[in-house]
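A look at the structure
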Amino acid sequence: MSTTDWPATGWIDDRLAQRQWAARQRLASRGLAQTRKRRRWIRDMARAGLAVSLILLAVLVVEIGRKAVTVAATSHAAASVAEFSRTT
């Protein structure tokens, strides 16, 4: 026997349906909030990874530049020594 058979308690079916709908809405809202939080965390980690890679790239560029200056200075010095030794 369902509650709709009793006229005095028929309102309870509507109330239960409303409560079930509200509970589903809360669960969906909570799930969406968790998804947004997870996406925000992933996006933050991607940004941090990008920042670290840019810093490493900058350091690599500086080190390559320093090496190029050292090689150029060494070759210039070697050329000067060779020129000096030829003249003497």
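A few points on the structure. All of these numbers come straight from a predicted model, not from anything done at the bench. (Residues numbered from 1 in each chain as written. Predicted model: local features only at pLDDT ≥ 70, side-chain atom pairs only at ≥ 80, totals over all residues. Heavy atoms only, no water.)

In terms of helices and strands, the protein chain carries one helix and zero strands. Accessible area of the protein chain: about 8,000 Å², with a carbon and sulfur share of 67%. (Helix = DSSP H or I, 4+ residues; strand = E, 2+ residues; numbered from the N terminus. Areas by Shrake-Rupley, 256 points an atom, 1.4 Å probe, with all protein chains shown as cover.)

Further remarks concern the environment of Ser-53. On the secondary structure map, Ser-53 appears in helix α1 (residues 11–87). Within the local environment of Ser-53, its side chain forms a polar contact with the backbone oxygen of Leu-50, the two atoms lying 2.8 Å apart. (Polar contact = N/O pair within 3.5 Å; in protein donor to acceptor, adjacent residues only side chain to side chain.)

Glancing now at the pattern of salt bridges. In the structure shown here, the tally under the stated rule is two salt bridges. A salt bridge links Asp-44 to Arg-47, with the shortest nitrogen-to-oxygen separation between them at 3.8 Å. Here Asp-44 and its partner Arg-47 are both found in helix α1, three residues apart, which amounts to about one turn of the helix. Residue classification places Arg-47 among the exposed residues on the basis of a relative accessible area of 53%. For Glu-63, the salt bridge identified is with Arg-66, shortest N-O distance 3.1 Å. With a gap of three residues between them, Glu-63 and Arg-66 both fall in helix α1, about one helical turn apart. Among the residues examined, Arg-66 registers a relative accessible area of 53% and is labelled exposed. (Salt bridge = Lys/Arg side-chain N within 4 Å of Asp/Glu carboxyl O. Buried < 20%, exposed > 50% of the residue type's maximum accessible area, 1.4 Å probe, protein only.)

A contiguous patch of positive charge on the surface is contributed by Arg-36, Lys-37, Arg-38, Arg-39, Arg-40 and Arg-43. With respect to the helices and strands, Arg-40 occurs in helix α1. (Patch = residues over 30% accessible without salt bridge, like charges linked within 9 Å, V, L, I, M, F, W, Y side chains within 5 Å. Lys, Arg positive; Asp, Glu negative; His and termini not counted. Charge placed at Lys NZ, Arg CZ, Asp CG, Glu CD.)

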